[in-house]
Amino acid sequence: MSKASAPGKVILFGEHFVVYGVKAILAAIDRRITVTSQTVGDSVIEIRSDLGASKFGLEEGTDVAELRPFEFLAKKMIKEFAHRGGIKMEIESEIPHGVGLGSSSAACVAAAASVSGLFEKYSKSQICELAIEAEKTIFESTSGADCTVCTHGGIITYGKGSGFERTEFEPNFSLIISNSAVTHSTDKIVAKVAEFRDGNVETFDQLCRKESELIEGAKAEIKSGNPQALGALMGQNQEYLRQIGVSNESLEQIIRVSGSGSHGSKITGAGGGGCIISIADEGSVGSVLGSLERNGTECFAAKIDYSGLETF
Ligand code: PMV
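Cut-offs and rules
Residues numbered from 1 in each chain as written. Predicted model: local features only at pLDDT ≥ 70, side-chain atom pairs only at ≥ 80, totals over all residues. Heavy atoms only, no water. Axes fitted to C-alpha atoms, helices over the stretch in contact; angles between N-to-C directions. Helix = DSSP H or I, 4+ residues; strand = E, 2+ residues; numbered from the N terminus. Parallel < 35°, antiparallel > 145°, perpendicular 65-115°, else oblique. Left-handed = near helix turned anticlockwise from the far one by under 90°. Contact = heavy atoms within 4.5 Å. Nonpolar A, V, L, I, M, F, W, Y, C, P; charged D, E, K, R; others polar. 1 Å grid on protein atoms, 1.4 Å probe; cavity = no way out; pocket = protein on both sides within 12 Å on 5 of 7 lines; lining within 4 Å. Points joined across faces, edges and corners; volume = space filled by probe spheres on them. Near = heavy atom within 4 Å. Polar contact = N/O pair within 3.5 Å; in protein donor to acceptor, adjacent residues only side chain to side chain. Areas by Shrake-Rupley, 256 points an atom, 1.4 Å probe, with all protein chains shown as cover. Sits in = over half its atoms within 2 Å of the grid points. Pairing = 2+ DSSP bridges. Phe/Tyr/Trp six-rings, centres within 6.5 Å; stacked < 30°, edge-to-face > 60°. Lys NZ or Arg CZ within 6 Å of the ring centre and 35° of its normal. Expected span 1.5 Å × (residues − 1). Buried < 20%, exposed > 50% of the residue type's maximum accessible area, 1.4 Å probe, protein only.

Visitor: Break down the packing of helix H1 (residues 68–80) against helix H2 (residues 103–116) for me, with residues and values.
Guide: The contact between H1 and H2 brings their axes to 10 Å, and the two run at 20 degrees. In terms of orientation, H1 and H2 fall into the roughly parallel class. Between H1 and H2 lies a crossing whose hand is right-handed. Contact residues: H1 offers Pro69, Phe70, Leu73, Ala74 and Met77, while H2 offers Ala107, Cys108, Ala111, Ala112, Val115 and Ser116. Partitioned by chemical class, the residues of the contact of H1 with H2 number 10 nonpolar, one polar and no charged.

Visitor: Explain empty space enclosed by the protein to me, and be specific about the residues and the numbers.
Guide: Under the definition given, this model contains one cavity of 30 Å³ or more. There is about 40 Å³ of room inside the largest cavity. Lining the largest cavity are Leu12, Phe13, Phe173, Leu175, Leu230, Met234, Ile279 and Ile304. Of all the secondary structure elements, the ones that give two or more residues to the lining of the largest cavity are strand S1 (2–13) and helix H7 (227–243).

Visitor: Hey, could you go over the site of the ligand for me, with residue numbers and the actual values?
Guide: In the vicinity of the ligand, the contacting residues are Lys9, Ile11, Glu15, His16, Val18, Val19, Gly100, His184, Thr186, Val190, Gly269 and Ala270. A distance of 2.9 Å is found between an oxygen atom of the ligand and a side-chain nitrogen or oxygen belonging to lysine 9. One nitrogen or oxygen atom from the side chain of threonine 186 is found 2.9 Å from an oxygen atom belonging to the ligand. Alone, the ligand offers 380 Å² of accessible surface; in the complex the protein occludes 78% of this. Spatially, the ligand is embedded in the largest pocket. For the shell around the ligand, the secondary structure elements donating two or more residues are S1 and helix H5 (186–199). Looking at side-chain class alone, the shell around the ligand contains five nonpolar, five polar and two charged residues.

Visitor: Please give an account of the sheet that holds strand S11 (residues 298–303) that cites residues and values.
Guide: Here four strands make up an open sheet; going across it, the order is S9-S10-S8-S11 and the pairing antiparallel. Two strands lie at the open edges of the sheet, namely strand S9 (264–268) and S11, each paired on one side alone. Pairwise comparison of adjacent strand axes, ignoring direction, gives a mean angle of 25 degrees for this sheet. Pairing geometry for strand S8 (residues 174–179) and S11, over six bridges, is antiparallel. Directly across from isoleucine 176, in S11, lies its bridge partner alanine 301.

Visitor: For the pairing of strand S5 (residues 86–93), give the residues involved together with the corresponding values.
Guide: Looking at chain direction, strand S2 (residues 24–40) and S5 are connected through eight bridges and run antiparallel. Bridging across to S5, threonine 34 finds its partner in glutamate 92. The pairing of strand S3 (residues 44–49) with S5 spans four bridges and is classified as parallel. Across the sheet, residue isoleucine 47 finds its bridge partner in S5, namely methionine 89.

Visitor: Requested: an account of the layout of surface pockets, with residues and values cited.
Guide: Of the volumes computed, that of the largest pocket is approximately 1,400 Å³. Around the largest pocket, the lining comprises 49 residues; the ones closest to its centre are Ser104, Glu135, Phe139, Asp146 and Thr186. Per-element tally for the lining of the largest pocket: the top contributor is H2, with five residues. Here the residues of the lining of the largest pocket are counted per class, giving 22 nonpolar, 17 polar and 10 charged. Approximately 150 Å³ is the volume attributed to the second largest pocket. Elements represented by at least two residues in the lining of the second largest pocket include exactly strand S7 (163–166) and helix H6 (201–224). In terms of residues, the lining of the second largest pocket owes the most to one element, H6, which gives three residues. Residue classes in the lining of the second largest pocket are distributed as three nonpolar, two polar and four charged.

Visitor: Lay out the packing of aromatic side chains with the relevant residues and their values.
Guide: One pass over the structure, following the stated rule, counts six aromatic pairs. Every member of this aromatic cluster is reached through a ring pair, and the members are Phe17, Tyr20, Phe196 and Phe204. When the ring centre of phenylalanine 300 is taken as origin, the NZ or CZ atom of arginine 31, which lies over that ring, is 3.9 Å away.

Visitor: Lay out H2 in plain terms, naming residues and giving numbers.
Guide: Each full turn of the α-helix corresponds to 3.6 residues, which orients residues three or four apart in the same direction. Over its 14 residues, H2 runs 20 Å from end to end, which matches the ideal 20 Å to within 8%, given 1.5 Å per residue. Taking burial as the measure, the 14 residues of H2 include 14 buried ones, the bulk of the element.

Visitor: Describe the pairing of S7, listing the residues and the values that go with them.
Guide: When strand S6 (residues 155–159) meets S7, the two strands line up antiparallel, connected through four bridges. Within S7, the residue paired with tyrosine 158 across the bridge is phenylalanine 164. Counted along the chain from S6 to the antiparallel partner S7, the turn is three residues long.

This is how it looks when you write it as structure tokens:
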């Protein structure tokens, strides 16, 4: 038996603008997905998860689209290690699905570690590469940023041309994550932003420049561990996201409710639905959660996870 877990993630700053070359800042959060794998004598792959269950022969495939990364990993490892038999996997998740919190990347990272661990101990970098390959079976154009932060944990800056850099500072901010419960299609919202850009080239370029400056400021405030300043930058980032048309009334309402008690809030991920993150002082987290709950908003407190992938 081989067991591994990986954290989910939030985008602290820079979503959408990252598609056009601006840097983004991502952080792993202390909500995890755990995958347990074992080899079985029969030539079958069996996958059990909250998204569905599937059992099929090695010549067949799963009919549950979301389970394709796990099928890919099991088949790849069976071939690589000439395993005579099959693999059974169980996926347990603490991360809401389809709302931009990295559930599919965390699952790919945990599954890559769990399945490869049945045969050999891979390095974290090897596991991350394998997880990105697996995630491409469902998100062809993934940048790999999510799998990277889910593997290594902590806070990373990511730029299209410049790759990844994990910050050496480990401030432990208190985040509040509110789920609008509206699942979003990242592809559709990215296409909507492209349309906005086509019609507003100058405004968009100006926003990209402003976002780049904001990211530099955010990096400095992460280093100094200043939640108040980061909250103000989140509010500013949200204004840029509004201007490119990815916010909506239900997200703005959540931002208003979390406003008193937190230092600032913004969309995390593609927008259109999905989640809002807020940053607060530890002592105010309870009251912000209370206000959100009274508003009927599903929410939870999160800390930044600095461990990343763990194997057992
Ligand atoms: O909602 P998510 O976690 O899929 O985030 C999308 C982030 C975008 O910047 C909107 C797209 C991208 O590929 O970076």
